[in-house]
Protein chains: 2
Amino acid sequence: MNRIARLRERLEEPLLVTNLVNVRYLCGFDSSNAALLVEQDRVRLFTDFRYIDAARAVEDVDLVQTKRAIIGELAETLKGRIGFETALPFEQYRTLASGGLDVVPRSGLVEALRAVKDESELALLRRACAITDLTYERLLDVRFIGRRERDVAWDLARLFHEEGAESFAFEFIVGSGPTGSRPHARAGDRKIGTGELVVIDAGCTVGGYSSDYTRTFSTGPLGEREREAYEVVALAQDAALGGIRAGLSGVDADRLARAIVDESEFEGLMGHGLGHGLGLEVHEAPKLSTESTDVLEAGNVVTVEPGVYIAGEFGIRIEDDVVVKEDGIENLSGFRKDLVEVG
Amino acid sequence: MNRIARLRERLEEPLLVTNLVNVRYLCGFDSSNAALLVEQDRVRLFTDFRYIDAARAVEDVDLVQTKRAIIGELAETLKGRIGFETALPFEQYRTLASGGLDVVPRSGLVEALRAVKDESELALLRRACAITDLTYERLLDVRFIGRRERDVAWDLARLFHEEGAESFAFEFIVGSGPTGSRPHARAGDRKIGTGELVVIDAGCTVGGYSSDYTRTFSTGPLGEREREAYEVVALAQDAALGGIRAGLSGVDADRLARAIVDESEFEGLMGHGLGHGLGLEVHEAPKLSTESTDVLEAGNVVTVEPGVYIAGEFGIRIEDDVVVKEDGIENLSGFRKDLVEVG
């Protein structure tokens, strides 16, 4: 059954899809300005001049060219009761509700479909992960010591490109020494020293689908505390990879890893959730965290990324991308996870 | 006067700033999860664990660590009347309004400040444009014919990096032949042929500020219609560059160029607005288009990018980045605009 048909089964009224990733998921149309109105008997795709020629290739939709301000035009021309996606900015909600429409907020309908990947999606994710494996393998030959974090980040981009990545999933993180203790630090001007930990968080995109890997390397002999922390994070990830399966809650998945960290001397230092869904967006449903309200389903693709962060000293994170199965996982990330020394 | 002080002058009640670009503009803090509450006597910065260490460097704010769901936590803990930015997703608006707060929608307050650049911002934009000039100059030596659009896009990325770009402003457009007739086509797998027009739209980022240039090259002798269209677009851009000044409306600025196109045989084929503001975002206030409600001010930095698009045949766009002055413009884009042949 196709995506539109699966969505229709969940609709109580026509749904105006304004999240552009959801539009892309449902009909394959990728743009910066579009909306899709899904009714039981037809689908209308709205976009402006810049994309209208590309939109003619979209099958099974009635194409409507609008001005740039799509929502304003729809508010003036549509009638009746429709659902709208609650990710819509308040300002656009106000515009949409200002005309003759009776609008109903609807949350997560398309996102719930997107959370369970079909075979065509899994094929793209496998390809993105295979490219990432090759790229990380080649990264081991790159010079780290004495170079700026941003220079290593550029080498990573070059290697991804050479291995066939279509684009990059996000701005890469290269966090050396104390920079690594900030989970989302960018690659900056800091020169990488010897005997440091370096957190590398990167991914690529194939057909719109993203990989998202983290490995933490050393640049020479480390202190005992750093080696112990690496061991704890590796054990925490093993525990999570061994325990994740369909039916487990996002909170319980997170706890698999967090319990290991919290029973160690690094208690309380896993400062973020265990992971997140991965697909057309780098962060999507489901969430694996202490705040999650999700339950894992077969076909989810999620990151598994415990970490330990000691402010001003160092950070460690190990992150794989996995498919959730009824009885466990398929790990899409093949790159080694022992503590590797780079030069 | 600093940015917070200028914002305070415009506030009728405390403002909760949730647009992350606005947070960055006001206090220099760049993250994927933060909010700023600006009151007359204090400023509070909210963020989660992942960014808290970096946030300690932010001056003149009271730092508050929250869980990941910042808005939910604020709804539970704040009281009184506050303004919120109408770019807030409806879902978060609903959460924010669900607690003890009296919330008032406010539009464009920080965006209006951002639209007028100060000297530190102009310095970064000048640097981004200088790098872009050098990159386009070197692009003329790159092989086009027989290569895929995406290969040329990668060369462009490499050249930007070599010239000192910190990152890329957006996914580059390389639109050859008929692909160029789609104003926002991505660089794809199409092989570039001889005797074609190739639209190149690219930019880089320095200190968060973006350049955004378009040039259209030829790959050998063109048909008469393509040469005429190039001439019309060049004349349209000249007219706009010659007429733009503070006090002109966005509609009138757009008309300067559109009138030239519409008086030619290419009437009706300039399928988008003349330009947009440029700064921390690649599209920001003010707009120069038939739908604009803005009036240009001295200190605005805008793109000037007329084009002509003939579906299935070719596209042409020429785009400069300019500073609006009281009596005209300062053009930040120095790269040549005659019809250049690449090989």
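These numbers were taken from a predicted model, which means no experiment stands behind them. (Residues numbered from 1 in each chain as written. Chains lettered and ligands numbered in written order. Predicted model: local features only at pLDDT ≥ 70, side-chain atom pairs only at ≥ 80, totals over all residues. Heavy atoms only, no water.)

How would you explain the relation of the copies chain B and chain A if you had to name every residue and give the values?
With an RMSD of 0.0 Å, the fit of chain B onto chain A corresponds to turning through 180 degrees and sliding 0.0 Å along the axis. Taken together, the rotation and translation relating the two chain copies correspond to the operation of a two-fold axis. No C-alpha of chain B approaches the rotation axis more nearly than that of Pro89 of chain B, which lies at 2.0 Å. A share of 98% of the interface residues of chain B reappears at the interface of chain A, consistent with the copies meeting face to face through the same patch. (Least-squares fit on C-alpha atoms with pLDDT ≥ 70 in both. Contact = heavy atoms within 4.5 Å.)

Report on the environment of Val342 of chain B, specifying residues and quantitative values.
Residue and element names in this part refer to chain B. Examined against the element boundaries, Val342 turns out to sit in the segment after strand 19 (328–331). The spacing of Val342 and Leu74 is 268 residues in sequence and 56 Å in space, taken between C-alpha atoms. Discounting chain neighbours no more than four positions away, the residues touching Val342 are Leu140, Phe144, Ile145, Phe217, Ser218 and Thr219. (Helix = DSSP H or I, 4+ residues; strand = E, 2+ residues; numbered from the N terminus.)

Please give an account of the domain arrangement of chain A that cites residues and values.
All names here are of chain A. Per the domain assignment, the segments making up chain A are domain 1 (3–114) and domain 2 (119–331). Relative placement of domain 1 and domain 2: their C-alpha centres are 34 Å apart. For the pair domain 1 and domain 2, the summed buried area comes to about 600 Å², and 42% of that belongs to carbon and sulfur atoms. The tally of links between domain 1 and domain 2 comes to 3 salt bridges. Between Arg3 and Glu121 there is a salt bridge whose closest N-O contact spans 3.9 Å. Inspection of the domain 1/domain 2 interface yields 2 residue pairs in polar contact (both at pLDDT 80 or more). For the side of domain 1 that touches domain 2, the secondary structure elements donating two or more residues are helix 2 (20–27) and helix 6 (109–115). Here the element with the most residues in the side of domain 1 that touches domain 2 is helix 2; it accounts for 3 residues. Looking at side-chain class alone, the side of domain 1 that touches domain 2 contains 2 nonpolar, no polar and 4 charged residues. (Domains from an automatic or database assignment. Buried area = accessible area lost by both parts, 1.4 Å probe. Salt bridge = Lys/Arg side-chain N within 4 Å of Asp/Glu carboxyl O. Polar contact = N/O pair within 3.5 Å; in protein donor to acceptor, adjacent residues only side chain to side chain. Nonpolar A, V, L, I, M, F, W, Y, C, P; charged D, E, K, R; others polar.)

Summarise the packing of aromatic side chains; cite the residues concerned and give the values.
According to the stated counting rule, one finds 31 aromatic pairs over all chains in the structure shown. Ring geometry for Phe168 of chain B against Phe172 of chain B: centres 5.4 Å apart, planes inclined by 70 degrees, an arrangement best described as edge-to-face. Each residue in the set Trp154, Phe160, Phe168, Phe170 and Phe172 of chain A together with Trp154, Phe160, Phe168, Phe170 and Phe172 of chain B is aromatic and connected to the rest through ring pairs, giving one cluster. Over the ring of Tyr25 of chain A we find Arg3 of chain A; its NZ or CZ atom is 4.2 Å from the centre of that ring. (Phe/Tyr/Trp six-rings, centres within 6.5 Å; stacked < 30°, edge-to-face > 60°. Lys NZ or Arg CZ within 6 Å of the ring centre and 35° of its normal.)

With reference to specific residues and values, describe the interface of chain B and chain A.
Facing the 42 residues of chain B at the interface are 41 residues of chain A. Summed over the three residues of chain B that lose the most area to chain A, namely Phe49, Phe90 and Trp154 of chain B, the buried surface amounts to 20% of that side. Counting across the chain B and chain A interface gives 4 salt bridges. Between Asp53 of chain A and Arg182 of chain B there is a salt bridge, with the nearest N and O atoms lying 3.1 Å from each other.

So what about the pattern of salt bridges? Which residues, and what values?
Taken as a whole, this structure holds 74 salt bridges over all chains when the rule is applied. Put simply, Arg158 of chain A and Asp155 of chain A hold a salt bridge, and the shortest N to O gap is 3.2 Å. Linking Arg158 of chain A with Asp155 of chain A, this pair stays in helix 8 (residues 149–162), spanning 3 residues, or about one helical turn. Residue Asp320 of chain B pairs with Arg215 of chain B through a salt bridge whose shortest N-O separation is 2.9 Å. You can see Asp320 of chain B sitting in strand 18 (residues 320–325) and its partner Arg215 of chain B sitting in strand 12 (residues 213–218), a full 105 residues away along the chain. Salt bridges here are not isolated pairs; linked through shared partners, they connect Arg138, Arg147, Asp155, Arg158, Glu162 and Glu163 of chain A.

Describe helix 7 (residues 119–139) of chain A, listing the residues and the values that go with them.
Along its 21 residues, helix 7 of chain A runs 30 Å from first to last C-alpha, staying within 8% of the 30 Å computed at 1.5 Å per residue. Inspection of helix 7 of chain A places Glu121, Leu122, Leu125, Ala128, Cys129, Ile131, Thr132, Asp133, Thr135, Tyr136 and Leu139 of chain A among the buried residues, and these make up the whole buried set. (Expected span 1.5 Å × (residues − 1). Buried < 20%, exposed > 50% of the residue type's maximum accessible area, 1.4 Å probe, protein only.)

Please give an account of the nonpolar core that cites residues and values.
Within the largest apolar cluster, 126 residues are counted, with the highest numbers of intra-cluster contacts made by Leu36 of chain A together with Leu36 of chain B. Dropping the residues within four chain positions of it, Leu36 of chain B is found in contact with Ile4, Leu15, Leu16, Val17, Val23, Leu26, Cys27, Val43, Arg44, Leu45 and Val61 of chain B. (Core = buried A, V, L, I, M, F, W, Y, C linked by side-chain atoms within 4.5 Å.)

Describe in detail unusual backbone geometry, supporting the description with residues and values.
All names here are of chain A. Cis geometry is found at the peptide bond from Ala285 to Pro286, where omega equals -5 degrees. Within the secondary structure layout, Pro286 lies in strand 14 (residues 284–288). The backbone of Asp60 shows a phi angle near 65 degrees, a positive value even though the residue is not glycine. With respect to the secondary-structure elements, Asp60 resides in the loop between helix 3 (49–55) and strand 4 (62–65). When its relative accessible area of 73% is taken as the criterion, Asp60 is described as exposed.

Lay out the pairing of strand 19 (residues 328–331) of chain A with the relevant residues and their values.
Pairing between strand 18 (residues 320–325) of chain A and strand 19 of chain A: 4 bridges, direction antiparallel. Within the sheet, the bridge partner assigned to Val323 of chain A lies in strand 19 of chain A and is Glu330 of chain A. (Pairing = 2+ DSSP bridges.)

Pulling in residues and values, what's your account of the sheet that holds strand 7 (residues 167–168) of chain A?
All names here are of chain A. A sheet is described by the order of its strands in space; here 3 strands give the open sequence 7-10-11, paired in antiparallel fashion. At either margin of the open sheet sits one strand with a lone partner, and together these are strand 7 and strand 11 (209–210). Relative to strand 11, strand 10 (residues 204–206) runs antiparallel, the two sharing 2 bridges. In the strand pairing of strand 11, Val206 is matched with Tyr209. Set on the sheet, helix 7 makes contact with strand 10 and strand 11; between it and strand 10 the angle comes to about 140 degrees. (Axes fitted to C-alpha atoms, helices over the stretch in contact; angles between N-to-C directions.)

Now, about the pairing of strand 18 of chain A: what can you tell me, with residues and values included?
Residue and element names in this part refer to chain A. Counting buried residues along strand 18, 5 of its 6 residues qualify, which places the element largely inside the surrounding structure. Sheet topology places strand 15 (residues 301–304) next to strand 18; 4 bridges connect them, and they run antiparallel. Following the sheet pairing, Val304 is matched in strand 18 by Asp320.

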